[in-house]
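Each chain is listed here by its residues.
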Amino acid sequence: MADFSATLQVLKELVPPALQNPRVGIICGSGLSGLAATLRQTVLVPYDRLPGFVQSTVPGHKSSLAFGLMGSGGGVPVIAMLGRFHPYEGHRLSSVVFPVRVMAKMGVNDIIITNAAGALNPELAVGTIVVVHDHIALPNLTGMNPLLGPQTNLSLPRFLPLSDAYSRLLRKLVFRAAHDLSIKRDALAEGTYAWVSGPTYETPAEGRFLRAAGADVVGMSTVPEVLAAREEGMNVLVLSLVTNAVVIPMDYRSVRDEFEAENTGMSATSVVDEVVSHEEVLALGKLKGDLMKTIVEKVIDLIPSDVSMSVQN
Ligand SMILES: O=P(O)(O)O[C@@H]1C[C@H](O)[C@@H](CO)O1
Ligand SMILES: Nc1nc2[nH]cnc2c(=O)[nH]1
């Protein structure tokens, strides 16, 4: 079991007292670390100073915690992960969720988890922010679950219900925030996130499979963090930025037809298979990062402090 006391001791030494009791936690997805730009009185703590923290190895993810004040007025103390850990980087699931547990021990009640995701639902345009209301986690169902293993904290539930994992109140606040900010309606949608281990993107058949199972977007993170946050009793909000459409051609253009046409001298239009890249994902994060930032900041403004202090749904 990881030793949280050493981590908390270092944070006590490096973070000024006014920022040592963050109310809201934020996890920045691929290309979304700019979220922290709106923090005031920012203090950065590199992961390599923190016992129990590993390093982010993915482009678009930094390796620091940011502490600061966010929102209007005096501001709300927040802690943000500028860069997360993914199991596909070789990190153990316990390391992936370690920072979430540290946030809980520092007193965070509400956590806002962001990610970059591919759209499975053809109605979701690239650039849409999806307010996640449910998930499908094939890894969880087949033995890759961060809560597997001996119960390390008997005050936490052994059998965690997930039917209420995504806070209804926080989800509604996103739409209130968008309304107050006059953000156009189709910039936001609601949907189900499918977690896959990655690091490969989906084959077309896998994309069709996940869509048929009921998922709207797919990504390689977030769900382990949601599980740990729920186990710790936090209220969870997940926002997925659609950075690309998952390639799901319904009709495979026959390469036999293509070959035979070419072979008989008939002109054939050869098809170039579409592919997605992490560069594309990061570029979209850059393009839409400001929208994500504006919404997150407004949501933090709207979270009632008395509600934030207790578990709600
Ligand atoms: O950390 P997130 O989930 O935002 O990053 C997504 C999933 C992969 O890490 C990467 C693929 O492009 O982006
Ligand atoms: N699995 C997966 N993760 C992503 N992250 C951003 N885009 C994608 C995608 O298309 N598939």
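Residues numbered from 1 in each chain as written. Chains lettered and ligands numbered in written order. Predicted model: local features only at pLDDT ≥ 70, side-chain atom pairs only at ≥ 80, totals over all residues. Heavy atoms only, no water.

With an unreviewed UniProt entry as reference, the protein chain is termed Purine nucleoside phosphorylase, source organism Lentinula lateritia. UniProt lists a comment for the protein chain under the heading Sequence similarities (unreviewed entry), and it reads "Belongs to the PNP/MTAP phosphorylase family." Per its UniProt entry, the protein chain bears the Function (unreviewed entry) comment "The purine nucleoside phosphorylases catalyze the phosphorolytic breakdown of the N-glycosidic bond in the beta-(deoxy)ribonucleoside molecules, with the formation of the corresponding free purine bases and pentose-1-phosphate." (UniProt positions renumbered as here; feature names shortened; annotations may be inferred.)

Draft legend 1. Here's a closer look at the nonpolar core. Core analysis: the largest hydrophobic core is formed by 51 residues, its most contacted members being L11, L65, F67 and I111. In terms of residue count, the dominant contributor to this core is helix 2 (residues 93-105) (eight residues). Residues C28, L173, A178 and L239 belong to the second largest nonpolar core, which totals 35 residues. (Core = buried A, V, L, I, M, F, W, Y, C linked by side-chain atoms within 4.5 Å. Buried < 20%, exposed > 50% of the residue type's maximum accessible area, 1.4 Å probe, protein only. Helix = DSSP H or I, 4+ residues; strand = E, 2+ residues; numbered from the N terminus.)

Draft legend 2. Up close: the site of ligand 2. Among the 13 residues in the neighbourhood of ligand 2, the closest are listed as A116, G118, E202, G219 and N244. Take G118: an N or O atom from its main chain is 3.4 Å from a nitrogen atom of ligand 2. Contact between ligand 2 and N244: a nitrogen atom at 2.6 Å from a side-chain N or O atom of the residue. For ligand 2, whose accessible area on its own is 280 Å², the fraction buried by protein is 95%. Those elements that provide at least two residues to the shell around ligand 2 are strand 5 (110-119), strand 8 (217-219) and strand 9 (235-245). With three residues, the top contributor of residues to the shell around ligand 2 is strand 5. (Near = heavy atom within 4 Å. Polar contact = N/O pair within 3.5 Å; in protein donor to acceptor, adjacent residues only side chain to side chain. Areas by Shrake-Rupley, 256 points an atom, 1.4 Å probe, with all protein chains shown as cover.)

Draft legend 3. Region of the structure containing the pattern of salt bridges. In the structure shown here, the tally under the stated rule is nine salt bridges. Here R84 and E225 are joined by a salt bridge, their closest N and O atoms 2.7 Å apart. Here the residue R84 occupies a position in the loop between strand 4 (76-82) and helix 2, and E225 occupies one in helix 6 (residues 223-231), the gap between them amounting to 141 residues. Residue R176 is joined to D180 by a salt bridge in which the shortest nitrogen-to-oxygen separation is 3.4 Å. Placement of the pair is R176 and D180 together in helix 4 (residues 168-180), with a separation of four residues, close to one helical turn. (Salt bridge = Lys/Arg side-chain N within 4 Å of Asp/Glu carboxyl O.)

Draft legend 4. Local environment of the packing of aromatic side chains. Across all of its chains, the model carries five aromatic pairs by this definition. Ring centres of F53 and F85 lie 6.3 Å apart, and the angle between their planes is 80°; on these two criteria the pair is classed as edge-to-face. Taken together, the residues F53 in the loop between strand 2 (40-46) and strand 3 (64-70) and F85 in the loop between strand 4 and helix 2 connect sequence positions 32 residues apart. By the burial criterion, F53 is buried, and F85 matches it. Measuring from centroid to centroid gives 5.7 Å for F53 and F98, while their planes differ by 90°, and the two rings are edge-to-face. A residue pair is termed long-range when its members are at least 10 positions apart, and F53 in the loop between strand 2 and strand 3 and F98 in helix 2 qualify at 45 residues. (Phe/Tyr/Trp six-rings, centres within 6.5 Å; stacked < 30°, edge-to-face > 60°.)

Draft legend 5. Highlighting the site of ligand 1. Close to ligand 1 lie 13 residues; H86, Y88, Y201, S221 and H278 are nearest. The side chain of S221 places a nitrogen or oxygen atom 2.5 Å from an oxygen atom of ligand 1. With respect to ligand 1, the side chain of H278 contributes an N or O atom lying 2.7 Å from an oxygen atom. For ligand 1, the accessible surface in isolation is 340 Å², of which the surrounding protein chains cover 96%. Sorting the residues of the shell around ligand 1 by element identifies strand 5 and helix 8 (278-302) as the ones contributing at least two each.

Draft legend 6. Up close: a nonpolar patch on the surface. A surface patch of nonpolar side chains, about 320 Å² in accessible area, is lined by L138, L141 and F209. The residue F209 is located in helix 5 (residues 204-213) in this model. A residue is classified by how much of its surface remains accessible, and F209, at 48% relative accessible area, is partly exposed. (Patch = residues over 30% accessible without salt bridge, like charges linked within 9 Å, V, L, I, M, F, W, Y side chains within 5 Å.)

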